[in-house]
Structure formats: C-alpha cells, structure tokens
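Descriptive analysis of the structure
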Amino acid sequence: MTSMKKRIAATLTATILATTLAAPAAATEIPAIRISSYKGSILEVGERSGLIIGPSDTDYSVTSSAPDTVAVEQVLTFWVAVAKAEGSAEITASNSVGESGAVTLTVGPATPATPEASAGGNSVSLTDNLEIRQEMIRLINQTRKANGVSELPVNEALMNAAQVCSNQRYTWHHAPEESKAATDAGYPYGFGDNLTVFTGTADAAQRAVDNWTNSPGHFETMIDPRCDCIGVGVTQYNGITYCYLFLGIPNSVNFYA
C-alpha cells in the first residue's frame, strides 16, 4: 500500500510540474500611447482640433472609429480631428511596434462663436496657429525628455490662457494679467510661464524653443519637473511673433487669483 501511495504521489508531482512548465508566461502589458485633443473631448460640428500624441519622436498611424462623425487628417507631421456630425468616435493612435492609445471625442451641435478681441482691437481666436502650437509642444516635450523629466499632456485651460496672453502682444511679462488669464480660463493652481518675441514668422516653434533653451532661466522653467501639464499660445502680427508657454504646477497657489 505504501509503495502504491508513493507511485501515485510521484505521478501527481510530475503532472503538476508538467502543467506548470507548459503554462505560458504572463503577457507583458503594452504601455498605452498618450493621445489628447487640443480643445478637449467635446467638440462642436465644424470644429478642428489638433491631436497631441506622445511619446514624441515617433511616427504614428491615427484612425477614427466613426469617420463620418470625427474624421482625422494629417497636416504635415501633425494629426487633426475634424468634427463632422453629432455623436462620438474613438480616435486611436498606433506605432510600428503595435503600441496604441485612444481618446473618445464627442461632437455636439455648432453654436455661434464669439471672437476674442486683442489689445489692438483686432478679432482673434483662441484656436489661432494650432499647427505652430502643436509643433512647439512637441519640441518642448522632446527637450524635457532629453533632460530626464516627463513629457506633459495638454491642458485646455492653459492653452486658452497662453493664447489670451499672446494675443495681447506683450513684449515683457505682465504677472497679474497672466495669472488672471489662467484663472479666467479655469486653471485653479499656480504655474510657470515663458515669453519670447521675435521678428519673422517662419520656423516659429523652433525659434521659440531655441530662445528658451538658450536662456538659463527660461530653460529651467521649460524642464521644471514639478509641472504636470502644458499650454502654449502663438500670435503673429505685422511680421512679429509672440509666444507664450504656460506650465501647470499642481497644488500650488496662484497669488493673483
């Protein structure tokens, strides 16, 4: 009987071992690609919104689950979502090694737009120069990554605040006005910001980031590890380019709020 028990135990042990060896290793989770929309997840019929996709320095393929609702277009190296009709669509970005990420965009009915007024009384929009702004964000995130800090997602409130300030065509910092712009746009915390102004409109994103990179104080703001989101504004007027960078600092205080 004892011999029989030993044989049964040995058989069970061999079976368990074989089953364990045959079991496949747990699949490694593929990290999601970050994808967000300049104007947030809710668009109006007829709106266009640049897509921010990260990590940077990667070629992506972008598709829509419902192109008749939200189409996607490639403009140079950028991707843009185009709101066609009311409804929702999932926008998916994937790369050559099979990694992917997605964002759901919802389209509501169009409403009459009220343009903002610049300091000079000209009609301007918070959505001006989206392609330049998208390239600027890509270059800033590229710089942050190269310096060992995290890339940043777009914050719609900071995008609007930065554009409000660039539309004023400031040539030096106006701390109360900048802080009020962030508060009015709905950003509840403190932030860091950079400003640069230069003659000419070509290669604006690269020139702005180069200017900030070559200025120690501006560079430290650009790569500040405390920041968790980003917004930029670009205004071009009479051959002059005005650029603002806003970087959100969570749980800090906006003293002008």
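The following refers to the structure shown. (Residues numbered from 1 in each chain as written. Predicted model: local features only at pLDDT ≥ 70, side-chain atom pairs only at ≥ 80, totals over all residues. Heavy atoms only, no water.)

Some remarks on the environment of Phe191
Relative to the helices and strands, Phe191 resides in strand β11 (residues 190–199). By relative accessible area, which is 17% here, Phe191 ends up buried. Not counting residues within four places of it along the chain, the set of residues in contact with Phe191 comprises Glu178, Ser179, Ala182, Phe246, Leu247, Gly248, Ile249, Ser252 and Asn254. (Helix = DSSP H or I, 4+ residues; strand = E, 2+ residues; numbered from the N terminus. Buried < 20%, exposed > 50% of the residue type's maximum accessible area, 1.4 Å probe, protein only. Contact = heavy atoms within 4.5 Å.)

Things to note about the environment of Ser125
Looking at the secondary structure, you find Ser125 in the loop between β10 (123–124) and α2 (130–146). Note on Ser125: relative accessible area 27%, which makes it partly exposed. Every residue in contact with Ser125, bar those within four places of it in the chain, is listed here: Gln163 and Asn167.

So, the side chain of Asn95
Within the element layout of this structure, Asn95 appears in the loop between β7 (87–94) and β8 (100–108). Looking at Asn95, the relative accessible area reads 15%, which means it is buried. A distance of 2.7 Å separates a polar atom in the side chain of Asn95 from a polar atom in the side chain of Glu99. (Polar contact = N/O pair within 3.5 Å; in protein donor to acceptor, adjacent residues only side chain to side chain.)

Digging into the sheet that holds β7
Reading across from one edge, β2-β8-β7-β4 is the order of the four strands in this open sheet, with mixed pairing throughout. Both edges of this open sheet fall to β2 (42–44) and β4 (61–64), since each of them pairs with a single strand only. On average, each strand axis in the sheet is inclined to that of its neighbour by 30°, with strand direction left out of account. Summarising the sheet, β7 and β8 pair through eight bridges and their orientation is antiparallel. Across the sheet, Glu90 pairs through a bridge with Thr104, a residue of β8. (Pairing = 2+ DSSP bridges. Axes fitted to C-alpha atoms, helices over the stretch in contact; angles between N-to-C directions.)

Considering the sheet that holds strand β13 (residues 240–249)
Read from one edge of the open sheet, three strands run β11-β13-β12, paired in antiparallel fashion. The sheet terminates laterally at β11 and β12 (229–237), the two strands that pair on one side only. Direction aside, the axes of adjacent strands within the sheet are offset by 15° on average. Examined bridge by bridge, β12 and β13 share nine bridges and lie antiparallel to one another. Within β13, the residue paired with Cys229 across the bridge is Gly248. Set on the sheet, helix α5 (residues 204–213) makes contact with β11, β12 and β13; between it and β11 the angle comes to about 115°.

Re the pairing of β13
Most of β13 sits out of view: nine of its 10 residues are buried. Note that β11 and β13 share 10 bridges and pair antiparallel. Paired with Gly190 across the two strands is Ile249, which belongs to β13. The turn linking β12 back onto β13 is made up of two residues, and Asn238 within it adopts a positive phi angle of 50°.

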